[in-house]
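As a plain string of letters, each chain reads:
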Amino acid sequence: MGTLPEHLHAGGRDVECRLTRSRSARKLRIRVKPECIDVVLPPGRSEADAADFLLRNLGWVTRQIERAARIRSARLVPKRPGGAIPFRGAEIPVEIHSVPHWRAASRIVFDGKTVRIVTSQDNPARLGKALEGWLRRQSKARIEELIIGIGERINRAPNQVYVMDQRTKWGNCSHLGNLSFSWRLIMAPDDVLRYMVTHEMVHLAIPDHSQRFWLTVQSLCPDSERARQWLVANADRLMQIDCVAICAETSPRSTIARDAA
């Protein structure tokens, strides 16, 4: 091929090809993303090597694109009328219950089927902040629970755990042994969240992405590949969830104070 093509026809559509030069990479690698095919080029290898490597693995690339398309078609169920939030893989309706003379901060009540915001506020920005805060707490609690279970199996524990609104990575393991995760993972199915926690926990023992690393992840999380593909297919949707917009779409209901006590 000589040079890497700008686009490649695979899986019934044209997909952008990108060349990423990496000083830390040890070998040529292809990463199939929702928006492009990324060929990672290690030091000492040429663009011609990358182009030839892509050509030789064209069948695998096509299968990955087709598989991602199938998973994308089975992504989160369509949004219900009014406000709704993805929570642990299910679309959960959001209700705003306006309570006369309510003096406390907005409170979130979840009965397993509906998320209710009990409040005297009619400001979507404040209600959205309360909803996001609840989701962050749910995410942190579940992540910490998974860390304990996985840590017991691999005899490792992180130094610190952070749950943030990071947009470039779902999870990260620093050289200091700190783990960070996106709070938005609580909106994904639990096996997806479990995979991400497993991935970063294993990095405490194996810092690279060697075969040993992936075999360890697979042994701890047998559905890791399916979970990873789900996350690839649904990443854009999860990142676009706006708690303020959800609250703005939801019409408040009047509720007597006793119902909220």
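Since we're looking at a predicted model, the values are computed, not measured.

Caption draft 1: Expanded view of the overall build of the protein. Within the protein, the secondary structure is distributed over eight helices and twelve strands. A total of 261 residues make up the protein; the buried ones form 46% of that total. Restricting to contacts in the protein with at least 6 residues of sequence separation, those with at least 24 account for 51%. With an accessible surface of roughly 14300 Å², the protein has 49% of that area assigned to carbon and sulfur atoms.

Caption draft 2: Structural detail: the side chain of Ser224. Relative to the elements of secondary structure, Ser224 occurs in helix α6 (residues 224-240). The class of Ser224 is buried, set by a relative accessible area of 7%. Not counting residues up to four positions away in its chain, the partners in contact with Ser224 are Tyr195, Val217 and Gln218.

Caption draft 3: Focus on the confidence of the model for the protein. Considering every residue of the protein, the mean pLDDT works out to 85; 88% of them sit at 70 or more. Across residues 74-81, where pLDDT falls below 50, the model places 17 contacts with residues more than four positions away in sequence or in other chains. Low pLDDT, under 50, characterises residues 254-261; the predicted model gives this stretch twelve contacts beyond four residues in sequence or across chains.

Caption draft 4: Main features of helix α4 (residues 190-203). Its 14 residues give α4 an end-to-end C-alpha distance of 20 Å, which sits within 8% of 20 Å, the value for a rise of 1.5 Å per residue. Within α4, the full set of buried residues consists of Asp190, Val192, Leu193, Tyr195, Met196, Val197, Thr198, His199, Glu200, Met201, Val202 and His203.

Caption draft 5: Examining the sheet that holds strand β9 (residues 161-164) more closely. Judged by pairing direction, the sheet is mixed, and its three strands sit side by side in the order β9-β11-β10 without closing on themselves. The outermost strands of the open sheet, each flanked by one partner alone, are β9 and β10 (171-173). Mean inter-strand twist for the sheet, computed between neighbouring axes without regard to direction, equals 15°. Each of β9 and β11 (179-182) is contacted by helix α3 (residues 124-154), which is oriented at about 150° to β9, the strand it contacts most.

Caption draft 6: Spatial organisation of the pattern of salt bridges. Within this structure, the stated rule accounts for 16 salt bridges. The partner of Arg31 in a salt bridge is Asp38, with the nearest N and O atoms 2.6 Å apart. A relative accessible area of 35% means that Arg31 is categorised as partly exposed. Arg237 is paired through a salt bridge with Glu91; the nearest N and O atoms lie 3.0 Å apart. Of this pair, Arg237 sits in helix α6 while Glu91 is found in strand β6 (residues 90-98), placing the two residues 146 residues apart along the sequence. Summarising the burial analysis for this pair, Arg237 and Glu91 share the class buried. One network of salt bridges, with partners in common, ties together Arg88, Arg142, Glu145, Asp190 and Arg194.

Rules of the game
Residues numbered from 1 in each chain as written. Predicted model: local features only at pLDDT ≥ 70, side-chain atom pairs only at ≥ 80, totals over all residues. Heavy atoms only, no water. Helix = DSSP H or I, 4+ residues; strand = E, 2+ residues; numbered from the N terminus. Buried < 20%, exposed > 50% of the residue type's maximum accessible area, 1.4 Å probe, protein only. Contact = heavy atoms within 4.5 Å. Areas by Shrake-Rupley, 256 points an atom, 1.4 Å probe, with all protein chains shown as cover. pLDDT = per-residue confidence, 0-100. Expected span 1.5 Å × (residues − 1). Pairing = 2+ DSSP bridges. Axes fitted to C-alpha atoms, helices over the stretch in contact; angles between N-to-C directions. Salt bridge = Lys/Arg side-chain N within 4 Å of Asp/Glu carboxyl O.

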